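What follows is each chain in one-letter form.
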Amino acid sequence: MLKAKSDKDKMRYDAILEKHHHLYCFESDRIEDYFDDELNQIIEDYFEKKKIQSFEIEDIKVQIIGKFKKN
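Residues numbered from 1 in each chain as written. Predicted model: local features only at pLDDT ≥ 70, side-chain atom pairs only at ≥ 80, totals over all residues. Heavy atoms only, no water.

Student: What exactly am I supposed to notice about the pairing of strand S4 (residues 30-34) here?
Tutor: Residues in a regular strand project their side chains so that they alternate between the two faces of the sheet. Relative to S4, strand S3 (residues 21-25) runs antiparallel, the two sharing five bridges. Bridge pairing links Leu23 to Glu32 in S4. (Pairing = 2+ DSSP bridges. Helix = DSSP H or I, 4+ residues; strand = E, 2+ residues; numbered from the N terminus.)

Right under this line is the structure:
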């Protein structure tokens with residue numbers, strides 16, 4: 001189980017182990033899972049070319065911050 005932290009410092013547990021990212025709404029403090037294989041590939045390709053000195057990447061999680069539109 002992984003942890004996801006909101007901007008309001010609430011710790012939430014994420015039971016989904018499949019590679020994914022998060023959408024975080026700063027108005028409602030809501031976090032939703034975001035799946036995007038193309039984004040995953042872009043990130044992996046970037047860090048394959050651009051190594052971080054003295055650091056081995058195990059995984060990358062992106063938190064996209066914004067607000068959900070009202071329908």
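Student: So what exactly am I meant to see when it comes to the pattern of salt bridges here?
Tutor: Within this structure, the stated rule accounts for five salt bridges. Across the pair Asp59 and Lys19 runs a salt bridge, and its minimum N-O distance is 3.0 Å. Taken together, the residues Asp59 in the loop between helix H1 (37-49) and strand S5 (63-66) and Lys19 in the loop between strand S2 (11-14) and S3 connect sequence positions 40 residues apart. On the basis of relative accessible area, Asp59 is assigned to the partly exposed category, the value being 42%. For Lys19, a relative accessible area of 31% corresponds to the partly exposed category. Here Asp59 makes a salt bridge to Lys61, at a shortest N to O gap of 2.8 Å. (Salt bridge = Lys/Arg side-chain N within 4 Å of Asp/Glu carboxyl O. Buried < 20%, exposed > 50% of the residue type's maximum accessible area, 1.4 Å probe, protein only.)

Student: How should I be thinking about H1 in this particular structure?
Tutor: Residues lying three or four places apart along an α-helix face the same way, a consequence of the helix completing one turn every 3.6 residues. The end-to-end C-alpha separation of H1 is 19 Å, in line with the 18 Å expected for 13 residues at 1.5 Å each. Residue Asp36 occupies the N-cap position of H1, its side-chain oxygen lying 3.0 Å from the main-chain nitrogen of Glu38. (Expected span 1.5 Å × (residues − 1). Polar contact = N/O pair within 3.5 Å; in protein donor to acceptor, adjacent residues only side chain to side chain.)

Student: Would you explain the packing of aromatic side chains in this entry?
Tutor: Two aromatic rings are characterised by how far apart their centres lie and by the angle between their planes. A complete count under the given rule lists one aromatic pair for this structure. For the ring pair Tyr46 and Phe47, a centre distance of 4.9 Å and an interplane angle of 90° mean the geometry is edge-to-face. What makes Tyr46 partly exposed here is its relative accessible area of 46%. Classification of Phe47 by relative accessible area gives partly exposed; the value is 26%. The cationic tip of Arg30 hangs over the ring face of Phe68; the distance from NZ or CZ to the ring centre is 3.8 Å. (Phe/Tyr/Trp six-rings, centres within 6.5 Å; stacked < 30°, edge-to-face > 60°. Lys NZ or Arg CZ within 6 Å of the ring centre and 35° of its normal.)

Student: Looking at this structure, how should I read unusual backbone geometry?
Tutor: Note: most residues except glycine have negative phi, and most peptide bonds are trans. In this structure, Asp29 takes a positive phi of about 65° despite not being glycine. One non-glycine residue, Ser54, adopts positive backbone phi at about 60°. Looking at where Ser54 falls in the secondary structure, it is placed in the loop between H1 and S5. Ser54 gets classed as exposed once you look at its relative accessible area, which sits at 75%.

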